Amino acid sequence: MKLIVYPDYDTMSLNAARLVGAQVRTKPKSILGLATGSTPKGLYRELIRLYNEEDLDFSEITAINLDEYLGLGPDHQGSYSFFMKEFLFDHINIKSENIHIPDGLTINADQEMENYESFCDSMPRDIQILGIGHNGHIAFCEPADEFAKHCHVAKLKDQTLDANSRFFTNKEEIPKQALSMGIKQILNARKIIMLINGEAKAEALKGMVLGGVKPQIPASILQLHPNCIVMADKAAAKLL
Ligand code: GLP
């Protein structure tokens with residue numbers, strides 16, 4: 001695991017975009033694992049700029065998202081499908097058939113996750129973008145007594161519901177369950193870029209890099225990945 005600390009969020013985002021941009025230019029058919037949340041918005045903004053101003057071509061890439069709320073479809077503003085369109089996909093030339101996000105409206109969530117797992121296993125990502133939850137979760141792999149190895153239906157922790165309720169009109173509206181990639185699929189990526197910014201994530205970053213590998217801090221498993229870059233801003237790194 002390599003940790004790089006940047007002076008601020010924008011510099012962190014810019015450098016992450018440079019890495020992703022270089023990957024796409026070197027291999028136009030790259031498979032990118034993408035994340036949602038506030039953290040990667042700067043990266044996506046910069047990728048859109050590279051597309052508009054520097055001819056970065058996304059027409060051959062495949063995008064595979066980490067997770068989705070159970071019960072929300074792409075028309076719901078709180079869904080990750082909606083988020084990805086709003087902050088990236090609607091602004092670049094990715095082909096819609098190359099976009100993969102778990103189906104939040106599935107009537108058989110377990111089957112959906114079984115299918116997503118086979119798909120992810122057959123499509124190892126060239127780069128996986130990750131953010132971290134305040135409680136150390138990655139995707140929706142929540143802290144537990146064992147790592148959530150497989151694609152699964154996650155029961156969201158109160159801390160996660162509290163943190164993510166800002167994307168909804170009120171806390172009651174946020175689904176209590178989500179469809180999530182498992183740790184095994186996340187670790188399957190050739191390169192992982194974990195983005196962390198802001199003082200509120202300082203404890204999570206400290207736990208992830210200094211606390212040993214344990215399922216109570218799911219992100220700590222990244223210590224075992226051979227090619228994981230943690231990009232943080234100064235505020236997030238203040239406890240290191
Ligand atoms: C959600 C997502 C995670 C994301 C996390 C942090 O729970 N499932 O993939 O990393 O939020 O989000 P934010 O960047 O908004 O803090």
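Rules behind the numbers
- Residue positions are given per chain, counted from 1 along the sequence in the order it is written.
- Reporting in this predicted model follows two pLDDT cut-offs: at least 70 for local features of residues, and 80 or more for side-chain atom pairs to be given and counted; totals over whole chains, interfaces and linings ignore these cut-offs and use all residues.
- Water and hydrogen atoms play no part in the side-chain values, which are based on all heavy atoms of the structure.
- Nearness of a residue to a molecule or strand requires only that one of the residue's heavy atoms be within 4 Å of it.
- Whenever a nitrogen or oxygen atom comes within 3.5 Å of another N or O atom, the pair is scored as a polar contact, on the condition that within protein one atom can donate a hydrogen and the other can accept it, and that pairs from neighbouring residues in sequence are kept only if both atoms are in side chains.
- Working definition of accessibility: Shrake-Rupley area with a 1.4 Å probe, residue cover restricted to the visible protein chains.
- Throughout, the ten residues Ala, Val, Leu, Ile, Met, Phe, Trp, Tyr, Cys and Pro are labelled nonpolar, Asp, Glu, Lys and Arg are labelled charged, and all others, Gly among them, are labelled polar.
- Two strands qualify as a pair provided DSSP detects at least 2 bridges between them.
- Helix and strand labels come from DSSP, where a helix needs a run of H or I of at least four residues and a strand needs a run of E of at least two; each type is numbered from the N terminus.
- Residues count as neighbours in contact if any of their non-hydrogen atoms are within 4.5 Å of one another.
- Salt bridges are counted wherever a side-chain nitrogen of Lys or Arg sits within 4 Å of a carboxyl oxygen of Asp or Glu.
- The buried label goes to any residue with under 20% of its type's maximum accessible area, the exposed label to any with over 50%, and the partly exposed label to all in between, with areas taken from a 1.4 Å probe on protein chains only.
- Axes, fitted as lines to C-alpha atoms, cover a helix only where it is in contact. Angles between the N-to-C directions of the axes lie from 0 to 180 degrees.

## Comments concerning the site of the ligand
Taken together, 14 residues sit near the ligand, with S38, T39, D67, R166 and K201 positioned nearest. Here a nitrogen atom of the ligand sits 2.8 Å away from a polar atom, N or O, in the side chain of D67. In this structure, an oxygen atom belonging to the ligand sits 3.1 Å away from a side-chain N or O atom of N164. Protein contacts shield 96% of the accessible area of the ligand, which totals 390 Å² for the unbound molecule. Residue composition of the shell around the ligand, by class: four nonpolar, seven polar and three charged.

## Observations regarding the pairing of strand β8 (residues 177-180)
Relative to β8, strand β4 (residues 67-69) runs antiparallel, the two being bridged by three bridges. In the sheet register, Y69 faces β8, and the bridge partner there is A178. Here four bridges tie strand β7 (residues 152-155) to β8, and the two strands are oriented antiparallel to one another. By the bridge assignment, A154 is partnered in β8 with A178.

## Structural notes on the side chain of S180
Positionally, S180 belongs in strand β8. When near neighbours in sequence (up to four residues on either side) are disregarded, S180 contacts L66, D67, M113, A139, F140, C141, H150, C151 and H152.

## Concerning the pattern of salt bridges
Going through the model one piece at a time under the given rule, you end up with twelve salt bridges. For R49, the salt bridge goes to E46, with nearest N and O atoms at 2.9 Å. Remark: E46 and R49 occur in helix α2 (residues 41-54); sequence separation between them is three residues, near one turn of the helix. Using a relative accessible area of 27% as the deciding quantity, one classes R49 as partly exposed. In this structure, a network of salt bridges that share partners links the residues E46, R49, E53 and E54.

## A look at the pairing of strand β6 (residues 127-130)
Of the two faces of β6, the one holding I127 and I129 and the one holding Q128 and L130 are both buried throughout. Summarising the sheet, strand β2 (residues 31-34) and β6 pair through two bridges and their orientation is parallel. Note that in β6 the partner of L32 across the bridge is I127. Inspection of the sheet shows β6 paired to strand β9 (residues 191-196) by four bridges, in the parallel sense.

## Quick word on the sheet that holds strand β3 (residues 62-65)
Paired through backbone hydrogen bonds, the strands of a sheet run either parallel or antiparallel to each other. Overall, parallel pairing links the seven strands, which are arranged β1-β10-β9-β6-β2-β3-β5 in an open sheet. Taken across any chain shown, the strands that pair with only one partner, and hence form the sheet edges, are β1 (2-6) and β5 (99-100). Taken together, the four bridges between β2 and β3 define a ladder with parallel strand orientation. Bridging across to β3, G33 finds its partner in I64. Seen against the sheet, helix α4 (residues 109-122) touches β3 and β5 and runs at an angle of roughly 135° to β3.

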